[in-house]
Amino acid sequence: MDLAAKIEAVLFYRAEPVKKTELAKLLNTDQEALLEAINGLKTRLEGQGLCLLELGEELELGTAPEASGLIEQMAKEELSRELGKAALETLTLIIYQGPISRPEIDQVRGVNSSFILRNLMVRGLAERVIDEKDSRRFLYKPTLELLRHLGLEKIEELPEYEIVQQELNKFLETNKDTDGAGID
Amino acid sequence: MDLAAKIEAVLFYRAEPVKKTELAKLLNTDQEALLEAINGLKTRLEGQGLCLLELGEELELGTAPEASGLIEQMAKEELSRELGKAALETLTLIIYQGPISRPEIDQVRGVNSSFILRNLMVRGLAERVIDEKDSRRFLYKPTLELLRHLGLEKIEELPEYEIVQQELNKFLETNKDTDGAGID
Amino acid sequence: MDNFKVKVGEFEGPLDLLLNLIEKRKLHISQVSLAQVADDYVAYLKSEDEGQSMEAMANFIMVASTLMLIKSLALLPGLQLNEEEKSDISNLEDRLKQLQRVRELSLHVKERFGKDIIFTQTERAKRVTVFAPTHELIIPNLLTAIKELIKNLPKVEAIPEKVIRKVISLEEVISDLAKRVGQAMKMSFKDFVKDKADKVNIIVSFLGMLELVKQGAINIEQKAHFEDIGMESTTVGIPRY
């Protein structure tokens, strides 16, 4: 795998602007070789679906400008589409039980929720905050706009709030040890 | 911009598994042209930093397996690398024989697999779908997440995949009527 | 969540235990090898039965009854089996072969899992979001959804009645088998004349096994049928006339 391919992989994974100095360090190479590889990658991406954006010191991978019409159309569709059962269920859990971590959401639903969470965030229905107790993990909660949309001034106004809390807490308490990766 | 490039752009933007039927509709093309473009994209990505994952109806863009070590240095997320004996056996059945029902899994393993199946689903390594032949029961099948953890672009790349398909189908055929430990 | 596991000792399920016993002796899976490990299996169950739940034992005991059949058949080829018994035996053999194959294949999965992970994009930190609610987002729908979720939370499963019924009738299976073994022995008496001492030993150990199985079935009433097991002395006595 050559340097250009490595740059592509790193930028794809990071999905945000990355400094050239950081890239050089990560890929254990000097500026000169890096710049050469960047140019090589740019050439390689010509006519493809992705493009390399260079903003001063920073690099980012994005969709090719020719695809912008397509992407806009898709983004619009994404927002106007119905949530569907799985997303509604996840959002409801976040409203009743938030701030709640992803492992907890997954544990209650019995399935992995990562893509659904992403969609809920894109639609501005849920947001994530850093867990004060553990800065490596995120907690999900409903956005203020959503609460306003639902006409809720406080969460406790939700129907059957107390009993739902009890049931869910009971379940989460007994399943504490089985979340995350450490299974069997 | 050709069809392969458009597929690449869409998959990059979506950053989640996308169905082929959805792609065909979005790109206003037929299945045949789509499949051809998918294969074209795969060839084009060879030796690059990215790869195209394909599992049944679903497609997703990921980093090339060769970049695995590099990306891991940056990965903040906790990676799951461990599979217990029960999880490994159950996943093996799902991979080589999926979509497969729980009674079928139980029959081979000799124990009730509901607990382990739930955990695999929470980890995103397996998912269940409604059996088209019998809407009252579920079938379990592998996910793109599982494929990613195996470092495979296609499930068929696993050793002995083809021959096992034949073997197991023959076995299930001859044992159709026995319910054994099949509890569901 | 441990209640979901059906473990006896270190083994998860009867097939796990049985396959282990066969592989320990480096045998191929067949009726012959199953007959050979039947005693080991029952001995293991007996050693582990303390404190095991009915649920844990039920699956193991069902397999024990099939093993007893197989052993009886190996000792007394004249023993008549009904269709269900025949299919139980071939089914057990098939399932073991299948499990063995799955274990073989699982090495391919184990070898690759988590080694060269293919990564997808990390969650974009700065993303333009647009507040886009849908008509589904009304309070009554939320209540329906959360109730459905709570209803579907996993509960500890009770052992299905079907299995319990099978286990309870195991007692009958044992006494019935003991009777049939006795009859089959009379019928094939001529065979026993040859190599007398060995055959007697085998029969004694076989009946010992029956007894062990009976004790292994901890939740089963045993006293009423004790006399059937008492057949041991009668049976052993057979070669004398």
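This one's a predicted model, so the numbers in the text were calculated from it and none came from an experiment.

Enquirer: Explanation requested: the overall build of chain A in the structure shown.
Expert: Within chain A one finds nine helices and six strands. For chain A, the C-alpha radius of gyration of 21 Å lies well beyond 16 Å, the compact-globule estimate for 184 residues. Reported as C-alpha extents along the three principal axes, the dimensions of chain A are approximately 65 × 40 × 30 Å. Taken over 184 residues, chain A has a buried fraction of 47%.

Enquirer: Just to check I follow, could you spell out the environment of Thr-143 of chain A for this structure?
Expert: In this structure, Thr-143 of chain A sits in the loop between β6 (138-142) and α8 (144-150). With a relative accessible area of 6%, Thr-143 of chain A lands in the buried category. Along the sequence, Thr-143 of chain A and Glu-153 of chain A sit 10 residues apart, while their C-alpha atoms lie 12 Å from each other. Excluding residues within four positions of it along the chain, Thr-143 of chain A makes contact with Gly-124, Leu-125, Ala-126 and Glu-127 of chain A together with Phe-131 of chain C.

Enquirer: For this particular structure, what's the right way to read the packing of helix α5 (residues 85-97) of chain A against helix α6 (residues 102-109) of chain A?
Expert: Axis angle and axis distance: for two packed helices, these are the angle between their axes and the distance between the axes, and together they describe the pair. All names here are of chain A. Following both chains from N to C, one finds α5 and α6 inclined at 125 degrees, their axes separated by 11 Å at the closest point. In terms of orientation, α5 and α6 fall into the oblique class. For the pair α5 and α6, the crossing hand works out as right-handed. Facing Ala-86, Glu-89, Thr-90, Leu-93 and Ile-94 of α5, the residues of α6 in contact are Ile-105, Val-108 and Arg-109. Of the residues assigned to the contact of α5 with α6, the class counts are five nonpolar, one polar and two charged.

Enquirer: How do you make sense of the sheet that holds strand β4 (residues 100-101) of chain A when you look at a structure like this?
Expert: Residue and element names in this part refer to chain A. The strand order β4-β6-β5 describes an open sheet built from three strands, whose pairing is antiparallel. In this open sheet, the two edge strands, each paired with only one partner strand, are β4 and β5 (126-130). Here two bridges tie β4 to β6, and the two strands are oriented antiparallel to one another. Looking across to β6, one finds that Ser-101 is bridged to Leu-139. Relative to the sheet, α5 contacts β4, β5 and β6, its axis offset from that of β6 by approximately 95 degrees. Contacting β5 and β6, helix α7 (residues 114-122) runs over the sheet at an angle of about 105 degrees to β5.

Enquirer: I tried to follow the interface of chain B and chain A on my own but got confused; where do I start?
Expert: With 45 residues of chain B at the interface, the matching set in chain A holds 46 residues. Taking both partners together, chain B and chain A bury about 3900 Å²; carbon and sulfur atoms supply 65% of that area. The interface formed by chain B and chain A includes one salt bridge. Notably, a salt bridge pairs Glu-22 of chain B with Arg-81 of chain A, separated by 3.7 Å at the nearest N-O pair. Linking chain B with chain A are 10 residue pairs in polar contact (both at pLDDT 80 or more). At the level of elements, α1 (3-14), α2 (20-26), β3 (58-63), α4 (68-74) and α7 (114-122) of chain B are the ones that each hand at least two residues to the side of chain B that touches chain A. Considering each element in turn, the side of chain B that touches chain A owes the most residues, eight residues, to α1 of chain B. Residues belonging to the side of chain B that touches chain A are distributed by class as follows: 23 nonpolar, 10 polar and 12 charged.

Calculation rules
- Residues numbered from 1 in each chain as written.
- Chains lettered and ligands numbered in written order.
- Predicted model: local features only at pLDDT ≥ 70, side-chain atom pairs only at ≥ 80, totals over all residues.
- Heavy atoms only, no water.
- Helix = DSSP H or I, 4+ residues; strand = E, 2+ residues; numbered from the N terminus.
- Rg over C-alpha atoms; globule rule 2.2 N^0.38 Å.
- Buried < 20%, exposed > 50% of the residue type's maximum accessible area, 1.4 Å probe, protein only.
- Contact = heavy atoms within 4.5 Å.
- Axes fitted to C-alpha atoms, helices over the stretch in contact; angles between N-to-C directions.
- Parallel < 35°, antiparallel > 145°, perpendicular 65-115°, else oblique.
- Left-handed = near helix turned anticlockwise from the far one by under 90°.
- Nonpolar A, V, L, I, M, F, W, Y, C, P; charged D, E, K, R; others polar.
- Pairing = 2+ DSSP bridges.
- Buried area = accessible area lost by both parts, 1.4 Å probe.
- Salt bridge = Lys/Arg side-chain N within 4 Å of Asp/Glu carboxyl O.
- Polar contact = N/O pair within 3.5 Å; in protein donor to acceptor, adjacent residues only side chain to side chain.

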